[in-house]
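Given next are the chains, with one letter for each unit.
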Amino acid sequence: MTNLIDPLHMKNMLWLIPCLPLAGAVINGLLGKRLPVRLVHFVGCASVFLAFLISVAGFFTLLGIEEPHQRFLIQPLYQWILTVWHQGSFSLQVAFRLDPLSITLCLVVTGVGFLIHLYSVGYMAGDESQARYFAYLNLFTFSMLLLVLADNLLLMFVGWEGVGLCSYLLIGFWFTDLEKAQAGMKAFIVNRVGDFGFFVGLMLLFWTLFEGSNGTITGLGFQQLRESIPLLNSASPILGVGLATWIGLLFFVGATGKSAQIPLYIWLPDAMAGPTPVSAFIHAATMVTAGVYMIVRLNFLYVIAPAAMAVVAVVGGVTAFYAATIALTQNDIKRVLAYSTISQLGYMFLAVGVAAFSTGIFHLVTHAFFKALLFLGAGSVIHAVHSNDMLEMGGLKKYMPHTYLTFMAAYLAISGIPPFSGFVSKDEILWATFNSHLPVAGLGKALWALGLLTAGLTAFYMTRLVALTFMGGFRGGLEKEKHLHESPSVMTFPLMALAVLSVVGGVIGLPAVTHLPNLLHDFLGPVLSSHGASGHQAHAYWLELLLMLISIGVATTGIYLGWLFYVKRPELPGKVAARFAKMYQVLEQKYYVDEIYQALFVRPLLKLVALSGRFDLNTIDGAVNLSSRVTAKFSFLIGWEDLKIVDGAVNGLAEIFKRWGAALRHLQTGKIQHYLYSVVLGIFGLCVFMFLF
Amino acid sequence: MQPILDGLTLSPWEPGLFSLAIYGLMVLGLVSLLLFFASWLGEKKSNPEKLRPYESGIIPTGSARLRYPVPFFLVAIFFLIFDVEAAYIFSWAISYDSLGWAGWLQISFFIFVLLLGLLYIWKKGGLEWGPTSKQD
Amino acid sequence: MIPENFIQSNLQGISFIGPELILTLAILLILLVGVLLPYWRHRILFTILAVAGLAGSVLPLWKLPQPAPDLTYLSNLFVWDWLTFLSKPFFAVVGVLTILLTQVTGEIDNSEYSECTILVLAVTMGMMLLVASTDLLMIYLAFETMGILSYLLVGIRARDERSGEAALKYVLYGAFTSGTMLFGFSLLFGLAGSTDLLAISQKVAFASQHPQDRLLLIVAILFFLAGLLFKTASFPFHFWCPDVYEGAPTPITAFLSVGPKAAGFVLFIRLFYPLFATGHDATIYEAVSGLDWPSILALVSAITMTLGNLAAIHQNNLKRLLAYSSIAHAGYLLMGIVSLSDLGLRSVVFYLVVYLFMNVGAFAVVAMVASAGGSEEIDSYRGLGARAPYVCVAMAIFLFSLIGLPPFAGFVGKVYLFAAVIYKKIYWLAVVAALNTVISLYYYLRIVKAMFLEKPTETIQIQVPLSSRVLLLALLVPTLGLGIYWQPLARVVSGMF
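Residues numbered from 1 in each chain as written. Chains lettered and ligands numbered in written order. Predicted model: local features only at pLDDT ≥ 70, side-chain atom pairs only at ≥ 80, totals over all residues.

Asks: Go over helix H4 (residues 100-123) of chain A with me, naming the residues and quoting the values.
Replies: Along an α-helix, residues three or four apart share an orientation, since each turn contains 3.6 residues. The end-to-end C-alpha distance of H4 of chain A, which contains 24 residues, comes to 34 Å, matching closely the 34 Å that a straight helix rising 1.5 Å per residue would cover. With 23 of 24 residues buried, H4 of chain A is to be regarded as a mostly interior element. (Helix = DSSP H or I, 4+ residues; strand = E, 2+ residues; numbered from the N terminus. Expected span 1.5 Å × (residues − 1). Buried ≥ 20, exposed ≤ 12 C-beta atoms within 10 Å, placed from the backbone.)

And the structure:
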């Protein structure tokens, strides 16, 4: 292939990809209120679209490079941190790295991102703070692109945090609603827990490499990490577990936070409080995939830590199944999709856990297409019905034909019906899992079975969703029925574009059984350490074909059951629910996990927050009754009254500081003669100190 | 500046320290003893006559704390400043030969600055002695 | 008779004090204009002249030879090293910012404006001389040039009682401490027989072997400390600071909190490093044996920051609060001096540069709010965020930077300071400093909270003119920029030591 664009030019343009959305965010954020709404829309969309165009150019530039292993461009922007000491130096650059992996993500983020920006123009019409909305959305795009394009771990961490911040801002976008503001807070806090894991992992990785290389390590760039990662093997294990495993697990904690895996998934369903396009963009297509991306990016670390990989695979598989079961009973359309997202992310982790990294990315891409489509379709429905509750919907097929048709494409894709994109990628994951070599014998097969079961559940709950929303008659009342309408074309156009992608997206990663090249796999090859399942397996085509048929069978069964339950015999679900009342209850209440977390973590935390709030309030009160507090302290020292220790310690500390502060204020008499005495005393004191010590 | 003395030729000072301390203590003791006795033994009866300042037998008229006019201090300070500057001019004059024209230029500049200062004082009303000085 | 070559070398050395000479000319020009046009009401002329003078003062730096640690001039009175070279533009920037701030806030009356600019220029000149001096006498002269003129600056509002009171306190305190320092100088001169720092340092290394001379050295060090700790507003010589900062016009307060303070720290480096520390493989120093001044300074640093932060908690007047904050920052900066390494010295200089922008920024906001109809009390900041968002966001950024939160410049500066002490393994000091940072969070955030979360108690509309906004922007850019891209500054600083 001839080179359309000089790689050198492309290299110098890399910074534009993240910085264009940033510029959009700055313009909309600072001037947005004064700009006409149309211009705000234009700035918001155009900045992302330009970034998309540059990404496309970057993609072709990479393709134009003949030698696959040379397919990377690094643009160093400036020296960020440089520390020199006698043994060596440590330097970090703000540099962007374009390689097959990052360009794939870039295309998804900017491409899907642009469509969602466009959709938002219609969806947010009439909202009074659209400038703020588009500024946040652009800022998010910037952070995500920074995360993806970063050439070193620390810069990636900056993007990682930025993504979390934007998610918080957007979930709580309608912050006047207390519940929504709290959902934003929840997402932020849960993400913090994960980020802590990431950060500790980063520290541990750096420290180990620093020690292992006798202080000659000079940075955290990915290329450098990749070369020096074998050093981890020589480091002495902690608690009998190798350091590579520790580090891998810590990074995975970060990934479970950002990508909503067990046990840190709880924020994602609540994140649906944000505007629907945000759910589509952030909580389905891009931000939540950051964890998968990070693990694939660090694949060289994970391949030397098989135990960590196994944990990733198991957590992924279990999350996929677990979230799918919850999705069965939810009535909020966005919640079903949220749990489905968690479930699909579980698939991706399952894939990377069994070392099928390119397959994980493949599913990430197809999932971005069809899940964005599902959310946008749901948004279109919500826009028309003004409710999230599926029980108030039904029969929308005839009112919203475009939405219905595009939604069906995504539905078939996620349910795993060939030849839709979701089928291709999901089946490849199952095949890779079946063939995997996990440290525990039979684990691969078990995870495969779990994945297969999840596929059936997915087909079932998606059928339920489609049936409740689009089939049958409208249940929302006559008044609402009059206002039902198809969404404007600015909203349906993105739906159609995504629908096309959902249908044909599978061609980039065709299974080996078709004897056609797996484009994505070959493209990503140079970035990955070990070739995924389909790469090095001696192909047993009959087996692959058989498994494929089984999974089609399972999916069809799921769909049939769904059809039977919710279209053919609508009385059945009630009966089944009555029969298994306990189980239904547990599922509907999402295994009570929120309640458990509430009791275990949130409430004590809130108590602490309230205490530190009091830190501020009781300035005067506290000063007066210190004596009574002393008595109280004695009493709880003896009686260990509930939590008063924390109470007392926080208050006591605040008290002490305040008292000292007050006492110090008395020292400042304002009389110059006192100050001059203080000089004499000061010199004398210093003398005494100096002679004594 | 170049060193004036070479080496550490200071005499040791600790031998004097002890006697200094004894002396200091004795002085302190004596003074405090005297003050103590004066306040203990002395009669303490005060009346207006006693509290009046002693002016060699003449009954004082008015307060002893006269207020000098502020310009007095101003002029005193101006004199001080300009007087001190003369020292520089003397030192230039002494080595006039070896300093040459460069030195002449420098001292001219110096005098110019002084003149500027004088001008400033003048314009600001610093030399005006009396109630009619400028208010702004 | 004076040798010919002595005169020649002195005349040549004059080119090295080019910045000071240009400042002098600017001062004379402003003086002349101010006298000849007494009814001139346009402050802008003086501002332009002063800024031009300050800008012009850095021009000669490009013409002068490459700095070197042993390049002395004017009979060894001054040294031309990187610290000198880079401090001069620093002080010029301090001066420019002060004058612009005075211009935009209008806190100084027209009748006093020309004098104010003259004094700012003169203090700047004093600071420039001070950082270059390597001779005790010259140091004292420059120190007093800076000191006495800044007393005048504090009292520039002649008809304002608070300003006068502050000036008087400053004079008395300053005279007392600088007299003490002069006594220290005389002791050292008596010991070494020279006022040249290089000559003294050789004598000191020798003298510290003898117990009797060591005693003298200790007293000398303590007396030095009185002057230096006074200038940098550190415990136990900080008492003047809140009163003076509160009484002085706000732009002058901003000036004092960065200019003389920075000069004090540079003087710390100038005095203590050649005199009482010996270089050790060029990156680490050791205190001269028997003189344990680092440990005493470490204690002073810990007490200073704790005291500053604790006392700031109760302040409701923002200028007073920032005065205590500036005391606390003196404590942080002392950490760098204590650490006895190049890393420490670099971090001090780095932090001073960062501190210049964020602290002047915070004072600038205080001055602007006060001159736009508010007051310096925290009450007039309640709910200000909604009425003057630009100024309040700027204030929040400056305060966050003062706390030391990423991604602002203050964070990077603090990281370097902490790294310096930890590198030297003075862990307890690092812990105290970290705790102090937490305490400081409380009172800085109180302002942020008042601005954005509380309901306004007064309804005065705050109108901030465009010129003020531009000045704030000029301060914001480095506060933010150095937090993200600090490498150029770090490189410049690491070239200094």
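The discussion continues.
Asks: Describe helix H4 (residues 82-105) of chain C, with residues and values.
Replies: Residues and elements named next belong to chain C. Counted at 1.5 Å a residue, the expected span for H4 with its 24 residues is 34 Å, and the 35 Å between its end C-alpha atoms agrees. Of all 24 residues that make up H4, 20 are buried, and the element is covered over most of its length. Gly106 occupies a position one or two residues after H4 and carries a positive phi of about 65 degrees.

Asks: For the interface of chain C and chain A, give the residues involved together with the corresponding values.
Replies: Taken together, the 29 residues of chain C in the interface contact 28 residues of chain A. Those elements that place two or more of their residues in the side of chain C that touches chain A are helix H7 (161-192), helix H9 (211-231), helix H10 (240-247), helix H12 (293-312) and helix H20 (487-494) of chain C. Among the elements that take part in the side of chain C that touches chain A, H7 of chain C stands out by supplying six residues, more than any other. Of the residues in the side of chain C that touches chain A, the class split is 20 nonpolar, six polar and three charged. (Contact = placed C-beta atoms within 7 Å. Nonpolar A, V, L, I, M, F, W, Y, C, P; charged D, E, K, R; others polar.)

Asks: Tell me about the domain arrangement of chain C, and please be specific about residues and values.
Replies: All names here are of chain C. Entries for chain C in the domain assignment read domain 1 (7-169 + 237-273) and domain 2 (292-497). Relative placement of domain 1 and domain 2: their C-alpha centres are 23 Å apart. Contact residues are listed per partner, giving 30 residues for domain 1 and 34 residues for domain 2. Of all the secondary-structure elements, those providing two or more residues to the side of domain 1 that touches domain 2 are H4, H10 and helix H11 (250-276). Taken together, the residues of the side of domain 1 that touches domain 2 sort by class into 21 nonpolar, six polar and three charged. (Domains from an automatic or database assignment.)

Asks: Help me get a handle on the confidence of the model for chain C, residues and values and all.
Replies: Overall, the predicted model of chain C reaches an average pLDDT of 88, with 97% of residues at or above 70. Here the predicted complex scores 0.76 on pTM and 0.81 on ipTM. (pLDDT = per-residue confidence, 0-100.)

Asks: I'd like a rundown of the arrangement of the chains, residues and numbers included.
Replies: In this assembly two pairs of chains touch, with chains A and C having more contacts than any other pair. Separating chain A from chain B is a minimum C-alpha gap of 16 Å, and the two share no contact.

Asks: Tell me about the confidence of the model for chain A, and name the residues and values.
Replies: All names here are of chain A. Within chain A, residue pLDDT values average 80, and 88% of them lie at 70 or more. Counted against residues more than four places away or in other chains, residues 531-536, with its pLDDT under 50, gives 21 contacts. Counting contacts from residues 615-646, a segment whose pLDDT is below 50, to residues more than four positions away or on other chains yields 15 contacts.

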